[in-house]
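# Fold and geometry: a report
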Amino acid sequence: MEKKEQLQTQSIPKLIGTLSAPAILSMLINSVNMAIDKIFVARGAGILALSGVTVSLGVYLVLQGFSLLLAAGSASAIALGLGKDDKKGAEKIVGSSVTLSFVLSLLLTVIGLPAARPMMIMYGANAENIRYAMEYSTVLIAGAVFFLLAQTANSIIKGMGYAKRAFINVFVSIIVNTILDAAFIFVFGWGVFGAAFSTVIGNAVSAVLAVHFLCRKSPARLKLCNMKPEIRTAKTIISIGTPACVTQIALSLLSLTCNHVADKVGGSAAVAAYGIVYSVIMLVYMPVLGLGQGVQPIIGYNYSSKNYVRTKQTLTYSIIYATVFCAVMFSVIELFSPSIVILFGGKSDPNLAAAASYGLRLFSLSLPIVGFQMIGANYFQYIGKFKQSVILSAL
């Protein structure tokens, strides 16, 4: 069945499953990879190193926020364009998005490297862990081009309805990252630097695979003639992607606040505990984000085709699925948080285990309503309703 016919006629539950499953697996595996990264750091370099990596999380969220400015914006704009059979316009969006990802990543690297130390202090680094925080963050900032390009290109692929292909790209990069992570930390003894460097290499692999697909096999291809960004196209991409960017920047500010509070209350061990809490909560958030990304082409295509019944059905089913999942995960965390914390090395430090377990239970209290909030924000973003999406994203 052609992608266009599939989006127009296939039953909504089946279509959501077909398009969302690869996106959910992709986001879930990415979350597991981040968690494994922290487990490797904790076991290979110690709790102090883990606290430094946790402080660096704020920088990662800023990079992710700016990547989503382009990734979410371009994917939504392409879905809306293809729904109107505007292939030429979609190819302009592909070209402009790739160029903008290069330009934006260069700016972030040029500005971010000199500002890395003040940023780490702002995000709560102390005299004990700032060395590790600097080591991790500078490598991530230097490799920003691969991160932004991979995020943007894979989101474009998902926006066209090729979620399986995007999943393959991400999955291969995560396998590479995990193997190199273990080798760099446990074999070569590179510690935090090794963890960050393996992440950058994984992003580079994902970017190469995604760009290759866009150049050779996608319905709206990446062409050199479309890589000069037009102001109108850039404004469309940025305006649609702003809500997703706002969400990530808000998470970054939350990370900043939590790092400072944790450092004041319990020092580096408490900061490490927050890192564990964040990693586990992301294991819940990411599948919901994957569901939202999976339904993007369904909503965008049918809305732009004025098929509002299918659009509404997609929204309703998505909210139900997300809410049920979050409610189940809320129960799991409330019941088994001590066992979860042990995986991150909490068994060797009773104070760390107690703080992380208590924090997990507190953070999970909002999970029952997270599905409605996140899917609702995605929906308004995908249909081009900027203000409504920003309001829900900021909650």
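Throughout what follows, the structure given in this document is the object of discussion.

Rules of the game
- Residues numbered from 1 in each chain as written.
- Predicted model: local features only at pLDDT ≥ 70, side-chain atom pairs only at ≥ 80, totals over all residues.
- Heavy atoms only, no water.
- Helix = DSSP H or I, 4+ residues; strand = E, 2+ residues; numbered from the N terminus.
- Rg over C-alpha atoms; globule rule 2.2 N^0.38 Å.
- Buried < 20%, exposed > 50% of the residue type's maximum accessible area, 1.4 Å probe, protein only.
- Areas by Shrake-Rupley, 256 points an atom, 1.4 Å probe, with all protein chains shown as cover.
- Lys, Arg positive; Asp, Glu negative; His and termini not counted.
- Charge placed at Lys NZ, Arg CZ, Asp CG, Glu CD.
- Core = buried A, V, L, I, M, F, W, Y, C linked by side-chain atoms within 4.5 Å.
- Contact = heavy atoms within 4.5 Å.
- Phe/Tyr/Trp six-rings, centres within 6.5 Å; stacked < 30°, edge-to-face > 60°.
- Lys NZ or Arg CZ within 6 Å of the ring centre and 35° of its normal.
- Axes fitted to C-alpha atoms, helices over the stretch in contact; angles between N-to-C directions.
- Parallel < 35°, antiparallel > 145°, perpendicular 65-115°, else oblique.
- Left-handed = near helix turned anticlockwise from the far one by under 90°.
- Nonpolar A, V, L, I, M, F, W, Y, C, P; charged D, E, K, R; others polar.

Moving on, we get to the overall build of the protein chain. The helix and strand inventory of the protein chain stands at 15 helices and zero strands. Expected size for 395 residues packed as a compact globule is a radius of gyration near 21 Å; at 20 Å, the protein chain falls within 12% of this value. Overall, the C-alpha framework of the protein chain stretches about 60 × 45 × 35 Å when taken along its three principal axes. Relative to its 395 residues, the protein chain shows a buried fraction of 57%. Accessible surface, the protein chain: about 16300 Å² in total, of which carbon and sulfur atoms supply 70%. Counting 29 positive and 13 negative side-chain charges, the protein chain places the centres of these two groups 9 Å from one another.

Further remarks concern the nonpolar core. With 113 residues, the main nonpolar core has Ile78, Val94, Met160, Leu214, Tyr285, Ile298 and Leu360 as its most contacted residues. Examining the composition of this core, we find that 23 residues originate from one element, helix H10 (residues 231-294), more than from any other. Apart from the residues lying within four places of it in its own chain, the contact partners of Tyr285 are Ser366, Leu367, Val370 and Met374.

In total, this model carries 15 aromatic pairs according to the counting rule given. Considering the side-chain rings of Tyr274 and Phe363, the 6.2 Å spacing of their centres and the 45° angle between planes classify their relative orientation as tilted. Placement of the pair is Tyr274 in helix H10 and Phe363 in helix H13 (residues 350-363), with a sequence separation of 89 residues. Relative accessible area serves as the criterion here: at 29%, Phe363 is assigned to the partly exposed category. By way of ring pairs, the aromatic residues Phe184, Phe188, Trp190, Phe193 and Phe197 are connected into one cluster. The aromatic ring of Tyr132 is capped on one face by Arg131, whose charged end is 4.3 Å from the ring centroid.

Look at helix H12 (residues 308-342) against H13: their axes get within 9 Å of each other, and the N-to-C directions meet at 150°. Accordingly, the angle class assigned to the pair H12 and H13 is roughly antiparallel. For H12 against H13, the interelement crossing comes out right-handed. Counting all contacts with H12, which are made through Ile333, Glu334, Ser337, Pro338, Ile340 and Val341, the residues of H13 involved are Ala353, Ala356, Ser357, Leu360 and Arg361. Here the contact of H12 with H13 is built from residues that sort into seven nonpolar, two polar and two charged.

Within the fold, Ile237 resides in helix H10. The sequence separation of Ile237 and Leu69 amounts to 168 residues, and the corresponding C-alpha distance is 7.6 Å. Excluding anything up to four places from it in sequence, Ile237 contacts Leu69, Leu70, Gly73, Ser74, Ile93, Ser96, Ser97 and Leu100.

What follows concerns unusual backbone geometry. Even without being a glycine, Lys306 presents a positive backbone phi close to 65°. Mapped onto the elements of the fold, Lys306 is located in the loop between helix H11 (296-304) and H12.

Another aspect to go through is the packing of H10 against helix H14 (residues 367-382). When two helices pack together, their arrangement is given by the angle between their axes and by how far apart the axes lie. At their nearest, the axes of H10 and H14 sit 6 Å apart, and the two run at 135° to each other. In terms of their interaxial angle, H10 and H14 are classed as oblique. In this structure, H10 meets H14 at a crossing whose hand is right-handed. Along the contact surface, H10 presents Ile240, Pro243, Ala244, Val284, Tyr285, Val288, Leu289, Leu291, Gly292 and Gln293, while H14 presents Leu367, Val370, Gly371, Met374, Ile375, Asn378, Gln381 and Tyr382. Of the residues that constitute the contact of H10 with H14, the class distribution is 13 nonpolar, five polar and no charged.

What follows covers the environment of Leu68. Mapped onto the fold, Leu68 is located in helix H3 (residues 47-83). When the C-alpha positions of Leu68 and Thr152 are compared, they lie 7.3 Å apart, and in sequence the two are 84 residues distant. Look past the residues within four positions of Leu68 in its chain and what remains in contact with it is Gly73, Gly241, Ala244, Cys245 and Gln248.

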